[in-house]
Amino acid sequence: MLTVEENRLLSGVGPDMPMGKLLRRYWHPIAASGQLDERPTLPVQLLGEELVLYRDRSGTLGLIDRLCPHRRVDLSYGIPEQEGLRCMYHGWMFDETGQCIEQPFEQTVHPDGRFKDKVKIKAYPVEEIGGLVFAYMGPLPAPLLPRWDLFVEKNAVRQVGLSIIPCNWLQIVENALDPVHVEWLHGWYGKYVLSQRSDPDPALQATFEAFTKKHQEIAFDVFEHGIVKRRLVMGETREDEDWAVGHPLVFPCMLRVGGGGANTFQIRTPLDDHHTLQMFYTAFFAPPGVEAPQQESVPFFWQPIWDAEGNFIVDTANNQDIMAWVGQGPVSDRPHEHLGVTDRGIILLRKLLKEQAQIAEDGGDPMNIIRDPALNEYITLPQEQNKYNRGAFRKDAFASSASRYGPAGELVAQMYSSI
C-alpha cells in the first residue's frame, strides 16, 4: 500500500507535482478534430490548466490561456479571425503563440504605441493526426508526435468516442495492467447483468461467456514504448498469442486492444486531479484486397456512461470498467488497499512512473519519447494478431463494445460485405 503522501504525489497532475511534470513531457489528445468543425473555439482543461483551443480562419490551430489578460473574460467565446483569436469583449487579438497582435482602441489612441507587444499569454504547441488534436505542455524542443499505426494506416475506417470520467487518471491507467479483472468484471459480472434481463442479447451472452475463461498465469514486460501485458487462460498454451505476443500499455496513458476487426486505443488524458478525458479511438483495418470506404473526416461521438435514471450502463466491457474506476472515488484510496499477486502489473506501473519522473526531473527524456523522424513514419505496436482480425470481422463487435455507439458501423459493414 502507499502512504497518503505517496498517493498524492503519484496521482497529482499539477505543474509542480512529479507526475504532472512527467506527463507534460508527452503529447496528449485534447479534442477530436470534428469538434472544431462544429465550433471553432473549445474550452479545454488539461493537466489542471484552463485553456482554449481554437482554429482560426486560415486553418491554424492555437491553444492559449482561456482568460484574456485585459479584463479576464473567457476567450472560448472569442471570435476566430484570419490569423488569431479575438476577444469578444474589447477586441484584443492573440495568435497561436499567445502574443497579442492587436488592441483596437489602444492603437487608435496611441498609433505608434508598443503596448500590445508587451502582452503575451500562455500558449502550447498543438498538432493534428488521425482526426485528433494533440497538445504538448512540456519543455522545448517538443518531441515528435508519435505516428502510431492506427492514426496513419491509410486503408481503414475510423471513429472516436469521447467520455469525461469523473475520477483521477491513475486508477484508469492502472486498470490496463490488471488482466484478471477481465474474467470477473467482464465475464461473471457481465453474465450476471444479462441474467437480470428478460431478453438478454445472444451476442453479449457469447462475449461475456468468453471472458470467463480462468486465468492460469499473467506476465508483464517493459519494452521501449511501455509495458506488454500477457495472459494464459484455461484452454490456451504458451504458444497462443495472448501469452506469446500480448498487447501493450503505451506509456504513460494509452492502452492498445483489439478484437472482432476493431483495433482500439483507449486513451486517457488527465484533465485535472479528479477528471479524465477518455478517447475510445477505433480503426477498422480493411481485409486484404479490399479498399476501405473513404471518410471525409474521422467522426466523433459522446459515449454514454449513465442511463436516464442515472445508473451506470454496464452491458459493455468499457462501461463496466468506468463503473469500477468511478466507484473508487475521485482519487483511489490507495493507503487502504491490499494488493495481491494479481496486482503485479500495477506495482510495476507505479515503479516505472516513479523512475521515469525522476529521469524527467533530472532533465533527461523519459521512455517513449520519439525525436528521430526515421523512427516515426509508421509505428506498429505488439498486439495479438488474432485480435487484429483482418478479414474476420464479427458483427457482434459493435454490440459488445463502445463501438456500437459510433457512426461508422455502416461503413465497416460495407467494407466487409465483399468477403
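Scroll up a little and you will see the structure.
Sequence order sets the numbering: in each chain, residues are counted from 1 along the sequence as written. Note on the predicted model: pLDDT of at least 70 is required for a residue's local features to be given, and 80 or more for side-chain atom pairs to be given and counted; whole-chain, interface and lining totals, by contrast, use all residues. Side-chain metrics rest on all non-hydrogen atoms present in the structure, leaving aside hydrogens and water.

J.: Help me understand the overall build of the protein in this model?
T.: Note on conventions: DSSP H or I runs of at least 4 residues are helices, E runs of at least 2 residues are strands, and numbering of each starts at the N terminus. A tally of helices and strands in the protein yields 14 helices and 19 strands. Atoms considered for the radius of gyration are the C-alpha atoms alone. The globule rule reads 2.2 Å times the number of residues to the power 0.38. Over its C-alpha trace the protein gives a radius of gyration of 23 Å, about what one expects of a compact globule, namely 22 Å for 419 residues. The principal-axis extent of the C-alpha atoms belonging to the protein is close to 80 × 55 × 50 Å. When a residue's accessible area, from a 1.4 Å probe over protein chains only, is under 20% of the maximum for its type it is buried; when over 50% it is exposed; and in between it is partly exposed. Per-residue burial for the protein yields a buried fraction of 56% across its 419 residues. Of all intrachain contacts in the protein linking residues separated by at least 6 positions in sequence, the fraction that spans at least 24 positions is 64%. Using the Shrake-Rupley algorithm and a 1.4 Å probe, accessible areas are obtained, with residue cover drawn only from the displayed protein chains. Carbon and sulfur atoms make up 53% of the accessible area of the protein, which totals about 18,500 Å². Neither His nor the chain termini are counted; the positive set is Lys and Arg, and the negative set is Asp and Glu. Charge positions are represented by NZ for Lys, CZ for Arg, CG for Asp and CD for Glu. Treating the 40 positive side-chain charges of the protein as one cloud and the 56 negative ones as another, the clouds have centres 2 Å apart. A contact between two residues is defined here by any heavy atoms of the two lying within 4.5 Å.

J.: It is not clear to me how the environment of Gly91 should be interpreted in this structure. Could you clarify?
T.: Position of Gly91 relative to the elements: it lies in the loop between strand S6 (84-86) and strand S7 (93-94). Residue classification places Gly91 among the buried positions, given a relative accessible area of 10%. The spatial distance from the C-alpha of Gly91 to the C-alpha of Ser76 is 14 Å, given a sequence separation of 15 residues.

J.: Hey, could you run me through the pattern of salt bridges in this one?
T.: Side chains that differ in sign of charge can pair as their charged atoms come close. The salt bridge definition used is simple: a Lys or Arg side-chain nitrogen within 4 Å of an Asp or Glu carboxyl oxygen. Under the counting rule described, the total for this entry stands at 20 salt bridges. Two residues, Arg114 and Asp117, come together in a salt bridge whose shortest N-O distance is 3.8 Å. With a shortest N-O distance of 2.7 Å, Arg350 and Glu174 are connected by a salt bridge. With a gap of 176 residues between them, Arg350 in helix H11 (residues 344-361) and Glu174 in helix H6 (residues 169-175) connect regions that are remote in the sequence. Of the two residues, Arg350 and Glu174, neither departs from the other in class, the shared state being buried. Ionic contacts of the salt-bridge type, sharing partners, join the residues Glu174, Arg334, Glu337 and Arg350 into one network.

J.: Explanation requested: empty space enclosed by the protein in the structure shown.
T.: The method works on a 1 Å grid over the protein atoms by themselves. A cavity is a set of points holding a 1.4 Å probe that cannot get out, a pocket is an open set with protein on both sides within 12 Å along at least five of seven lines, and residues with an atom within 4 Å of a point line them. Grid points are joined across faces, edges and corners, and a volume is the space filled by probe spheres set on the points. Within this structure, the stated rule accounts for one cavity of 30 Å³ or more. Computed from the structure, the largest cavity encloses a volume of approximately 250 Å³. For the largest cavity, the lining is made up of 21 residues, of which Tyr26, Trp27, Trp148, Phe251 and Pro252 are closest to its centre. Elements with a minimum of two residues in the lining of the largest cavity: strand S1 (27-32) and strand S17 (262-272).

J.: Could you clarify how one ought to interpret a nonpolar patch on the surface in this entry?
T.: Taken together, the side chains of Tyr77, Ile79 and Met88 make up a nonpolar region of the molecular surface, amounting to roughly 300 Å² of accessible area. For Met88, the location among the structural elements is in the loop between S6 and S7. Accessibility expressed as a relative area gives 36% for Met88, which makes it partly exposed. A patch consists of residues exposed above 30% relative accessible area that lack any salt bridge, with like charges linked at up to 9 Å and nonpolar side chains (Val, Leu, Ile, Met, Phe, Trp, Tyr) linked at up to 5 Å.

J.: Any chance you could explain helix H8 (residues 202-211) here in plain terms?
T.: Side chains three or four residues apart in an α-helix point the same way, a direct result of the helix having 3.6 residues per turn. Among the residues making up H8, those that are buried are Ala203, Leu204, Thr207 and Phe208. Each buried residue of H8 sits inside an arc of 125° when the element is viewed along its axis, so together they form one side. Where H8 begins, the side chain of Asp201 points an oxygen toward the backbone nitrogen of Ala203, at a separation of 2.8 Å. What the arc describes is the spread of directions from the helix axis to the C-beta atoms. Definition of a polar contact: a pair of N or O atoms within 3.5 Å, with one able to donate and the other able to accept a hydrogen when the atoms are protein atoms, and with sequence-neighbouring residues admitted only if both atoms are side-chain atoms.

J.: I would appreciate a short explanation of the side chain of Thr276 in the present structure.
T.: As for its placement among the helices and strands, Thr276 is situated in strand S18 (residues 275-285). A polar atom in the side chain of Thr276 sits 3.2 Å from the backbone nitrogen of Trp169. Among residues more than four places away in sequence, those in contact with Thr276 are Ser163, Ile164, Ile165, Cys167, Asn168, Trp169, Ile172, Arg268, Thr269, Pro270 and Leu271.

J.: What is the right way to look at the sheet that holds strand S8 (residues 100-102) in this model?
T.: In spatial order, the strands read S5-S6-S7-S8; together these four strands make up an open sheet with antiparallel pairing. Two strands in the sheet have a free side with no partner beyond their single neighbour: strand S5 (79-81) and S8. Pairing between two strands is assigned when DSSP locates at least 2 bridges connecting them.

J.: How should the packing of aromatic side chains be read in this particular structure?
T.: Pairing of aromatic side chains here covers Phe, Tyr and the six-membered ring of Trp, requires ring centres within 6.5 Å, and sorts the geometry by plane angle: under 30 degrees stacked, over 60 edge-to-face, intermediate tilted. Counted under the stated rule, the structure contains ten aromatic pairs. Ring centres of Trp27 and Tyr136 lie 5.6 Å apart, and the angle between their planes is 40°; on these two criteria the pair is classed as tilted. Taken as a pair, Trp27 in strand S1 and Tyr136 in strand S11 (residues 132-136) lie far apart in primary sequence, 109 residues in all. Overall, the relative accessible area of 1% leaves Tyr136 in the buried class. A centroid spacing of 5.8 Å and a plane angle of 35° characterise the contact between Trp306 and Phe312, whose relative ring orientation is tilted. For Trp306, a relative accessible area of 39% puts it in the partly exposed group. By relative accessible area, Phe312 is classed as partly exposed at 26%. Only Lys NZ and Arg CZ are tested; either one counts as a charge over a ring when it is within 6 Å of the ring centre and within 35 degrees of the ring normal. Geometry around Tyr77 places Arg39 over its ring, the cationic atom sitting 5.4 Å from the centre.

J.: Would you mind going over the packing of helix H7 (residues 181-195) against H8 with me for this structure?
T.: For any two helices packed against each other, one specifies the crossing angle of their axes together with the interaxial distance. Helix axes use the C-alpha atoms of the stretch in contact, all axes being lines fitted to C-alpha atoms, and the angles between their N-to-C directions lie in the range 0 to 180 degrees. One can describe the packing of H7 onto H8 by two numbers: an axis separation of 7 Å at closest approach and a directional angle of 145°. Note on packing geometry: the crossing formed by H7 with H8 is left-handed. Residues Val182, Glu183, His186, Gly187, Gly190, Lys191 and Leu194 of H7 touch H8, and the partners they reach there are Leu204, Gln205, Phe208, Glu209 and Phe211. Crossing handedness: left-handed means the near helix sits turned counterclockwise from the far one by under a right angle, and right-handed means the same turn made clockwise.

J.: Help me out: how do you make sense of the sheet that holds strand S3 (residues 49-55) in this one?
T.: Strand order in the open sheet formed by four strands is S2-S3-S4-S9, and the pairing between neighbours is antiparallel. The outermost strands of the open sheet, each flanked by one partner alone, are strand S2 (41-46) and strand S9 (123-124). Direction of pairing for S3 relative to strand S4 (residues 61-65): antiparallel, over a ladder of five bridges. Along S4, the bridge assignment pairs Arg55 with Leu61.

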